Amino acid sequence: MIVAGREVFFLGYPKGMTGYDANIPLVRQGLIAGDRMHEIILDGNFFGGSSGSPIFLNPDLENNVMSQRLIGVVAEQRTIAIKRFPMLEENMGIGIGIKIGYIIQTVDKSIKELNK
């Protein structure tokens, strides 16, 4: 369930960290900061290369079974211009995720359109 304050984690391959010895995903933790129609607003430390990363609810113990739920995919990180150097930006610690239900709905609609 997408509720503000719930812990989430996401993983991805940051820019510049690929290769034989670094080709493993980094796992990051954050919080759900808000919920919009098809988007999840996330509070966390995002990095370039996070886009496309899966977003999971932090596992809860439900019925004595650890469960993880995929709730979305990271779409973007928000940045802000640095006042002294306006051509540079810094990470705001805010990310936007697309809800998995919306992704599935969009893919299903696209498949139906292709099959017409």
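Bear in mind the structure is a predicted one, so any value in this text is a computation, not a measurement. (Residues numbered from 1 in each chain as written. Predicted model: local features only at pLDDT ≥ 70, side-chain atom pairs only at ≥ 80, totals over all residues. Heavy atoms only, no water.)

Next up on the list: the side chain of serine 53. Checked against the element boundaries, serine 53 lands in the loop between strand E3 (39–44) and strand E4 (54–62). At 2.6 Å, the side chain of serine 53 forms a polar contact with the backbone oxygen of leucine 11. The residues touching serine 53, leaving out its near neighbours within four places in the chain, are Leu11, Gly12, Gly72, Val73 and Val74. (Helix = DSSP H or I, 4+ residues; strand = E, 2+ residues; numbered from the N terminus. Polar contact = N/O pair within 3.5 Å; in protein donor to acceptor, adjacent residues only side chain to side chain. Contact = heavy atoms within 4.5 Å.)

A ring pair, where both rings are aromatic, is described by two values, the distance of the centres and the angle of the planes. As enumerated under the stated definition, the model contains 1 aromatic pair in all. On the numbers, 5.3 Å between centres and 25° between planes, the contact of phenylalanine 9 with phenylalanine 56 is stacked. Here phenylalanine 9, found in strand E1 (residues 7–12), pairs with phenylalanine 56, found in strand E4; they are 47 residues apart in sequence, far enough to count as distant. (Phe/Tyr/Trp six-rings, centres within 6.5 Å; stacked < 30°, edge-to-face > 60°.)

In this structure the tally under the stated criterion is 2 salt bridges. Across the salt bridge formed by glutamate 39 and arginine 36, the nearest N and O atoms sit 2.5 Å from each other. Judged by relative accessible area, which is 39%, arginine 36 ranks as partly exposed. (Salt bridge = Lys/Arg side-chain N within 4 Å of Asp/Glu carboxyl O. Buried < 20%, exposed > 50% of the residue type's maximum accessible area, 1.4 Å probe, protein only.)

What follows deals with the nonpolar core. As a rule of thumb, nonpolar side chains are buried together in soluble globular proteins. If you look at the biggest cluster of nonpolar residues, it comprises 10 residues: Val8, Phe10, Ile32, Ile40, Leu42, Phe46, Ile55, Leu57, Ile71 and Val74. At the level of elements, E1, E3, E4 and strand E5 (65–81) are the ones that each hand at least two residues to this core. Once residues lying within four places of it in the same chain are set aside, the contact partners of valine 8 are Arg28, Gln29, Gly30, Leu31, Ile32, Leu42, Ile55, Phe56, Leu57, Asn58 and Ile71. (Core = buried A, V, L, I, M, F, W, Y, C linked by side-chain atoms within 4.5 Å.)

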